[in-house]
Amino acid sequence: MSTHIAAKQGEIAEIVLLPGDPLRAKWVAETFLEDATLYSSVRNMFGFTGMYQGHRVSVQGTGMGAPSIGIYAHELFNDYGVQKAIRIGTSGGLPPTKLRDVVIAMAASTDSNINRRATNGLDFAPAANYELLEKAVNHARTMGIDFHVGTVASGDLFYDGTDSLEQWKKLGILALEMETSQLFTLAARFGRKALSILTVSDLMDGSGVTSAQERETGFSSMVEIALAAAL
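Residues numbered from 1 in each chain as written. Predicted model: local features only at pLDDT ≥ 70, side-chain atom pairs only at ≥ 80, totals over all residues. Heavy atoms only, no water.

- Within an unreviewed UniProt entry, the label attached to the chain reads Uridine phosphorylase, and the organism entered is Aquiluna borgnonia.
- You can read under Sequence similarities (unreviewed entry) in the UniProt record for the chain the words "Belongs to the PNP/UDP phosphorylase family." (UniProt positions renumbered as here; feature names shortened; annotations may be inferred.)

In C-alpha cells form, the structure reads like this:
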C-alpha cells in the first residue's frame, strides 16, 4: 500500500489512464469502463479499475503540476507495477492548434528543474513510448478528428508573467500544460511505457476557452485514442 494511493495489491491494472482532474477520472470510469470499482479516494484523488473490451484498465487522478503527477506516477510504477501510463489532460493551445483539437505529445520540453535534480544536472529529453504513440496516431486518423503530433511544454507556472510563451512559440511547441515531462521522465526511469494525449481547452492568445464542465466531461476523443493505444 502506497502513501498517497493506498490501494491494495492487485486492485490497479497494468494499464492506467491519468487525468489531472479526479472528477474526470470518475467520469471516464463511469462512461468507458464496465464494472468499475473505486480503489482509492485519498485526498479525493479518485482511482478506479474496470474492464474495457475484455481488458483491465485503471484511471487515476493526478492533480496539477509536475510534483503532483510525480507522486502518483512514481507510486503507480514502483508500488503497483503499472506498465503503461497515458496522460489524458487539458492544455493551452498554440498555433496551429484550435480549441478542442487533440494533441498527441511525442516529447515534452520543460522549464522545471525537476529533471535536472533527478539526473544530477543532466538535460534529459523526456519522450513518449513510440509503440503507444504510433497506435494513438493511427487511431486518431481513423476517427477523422482534428489532431496534431509534436512537442508540448510542461511549465511550473500556470500564471506565467515572463516572455516564455513567445519563446515556446518560436520553437514550434504545440501546447502548454504542466505534467507530461515528469510522466515521461519517470516512465523512462522505471522502464515503462508512457504517452500524453491532450485536448486544447484554452487558446493561449485568449481567443477561446472551454467551460469547467466541458473540461471535466466533454473530451471523449482523447480517452478513446488512449484506450485504443493502450490495448
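### Side note on the environment of Gly144
Step number 1: Along the chain, the position of Gly144 falls in the loop between helix H4 (130–143) and strand E7 (147–154).
Step number 2: Each C-alpha atom of the pair Gly144 and Asn78 lies 37 Å from the other, and the pair is 66 residues apart in sequence. (Helix = DSSP H or I, 4+ residues; strand = E, 2+ residues; numbered from the N terminus.)

### With respect to the packing of H4 against helix H8 (residues 220–230)
Helix-helix packing is described using two parameters, namely the angle between the two axes and the distance between the axes.
Step number 1: H8 packs onto H4 with a crossing angle of 130° between their chain directions and a minimal axis gap of 8 Å. When the axes of H4 and H8 are compared, the pair comes out oblique. The handedness of the crossing between H4 and H8 is right-handed. Within the contact between the two elements, H4 uses Leu132, Lys135, Ala136, His139, Ala140 and Met143 and H8 uses Ser221, Glu224, Ile225, Ala228, Ala229 and Ala230.
Step number 2: In the contact of H4 with H8, the residues fall into eight nonpolar, two polar and two charged. (Axes fitted to C-alpha atoms, helices over the stretch in contact; angles between N-to-C directions. Parallel < 35°, antiparallel > 145°, perpendicular 65-115°, else oblique. Left-handed = near helix turned anticlockwise from the far one by under 90°. Contact = heavy atoms within 4.5 Å. Nonpolar A, V, L, I, M, F, W, Y, C, P; charged D, E, K, R; others polar.)

### A short note on the packing of helix H1 (residues 22–32) against H8
Step number 1: Across the interface, H1 lies against H8 with an axial gap of 12 Å and an inter-helix angle of 65°. Taken together, H1 and H8 sit at an angle that is classed as roughly perpendicular. Viewed along their axes, H1 and H8 form a crossing whose handedness is right-handed. Between H1 and H8, the contacting residues are Arg24, Trp27, Val28 and Phe32 on the first element and Ser220, Met222, Val223, Glu224 and Leu227 on the second.
Step number 2: Its residues assigned to classes, the contact of H1 with H8 comprises six nonpolar, one polar and two charged.

### Here we look at unusual backbone geometry
Step number 1: In this structure, Pro96 follows Pro95 across a cis peptide bond, with omega equal to 15°.
Step number 2: Summarising the element assignment, Pro96 is placed in the loop between strand E5 (84–93) and strand E6 (102–110).
Step number 3: In this structure, Gln53 takes a positive phi of about 50° despite not being glycine.
Step number 4: Mapped onto the elements of the fold, Gln53 is located in the loop between strand E3 (47–52) and strand E4 (55–60).
Step number 5: Look at Gln53 and you get exposed, because its relative accessible area is 61%.
Step number 6: Within the chain, Arg100 stands out as a residue other than glycine whose phi angle is a positive 75°.
Step number 7: Here Arg100 lies in the loop between E5 and E6. (Buried < 20%, exposed > 50% of the residue type's maximum accessible area, 1.4 Å probe, protein only.)

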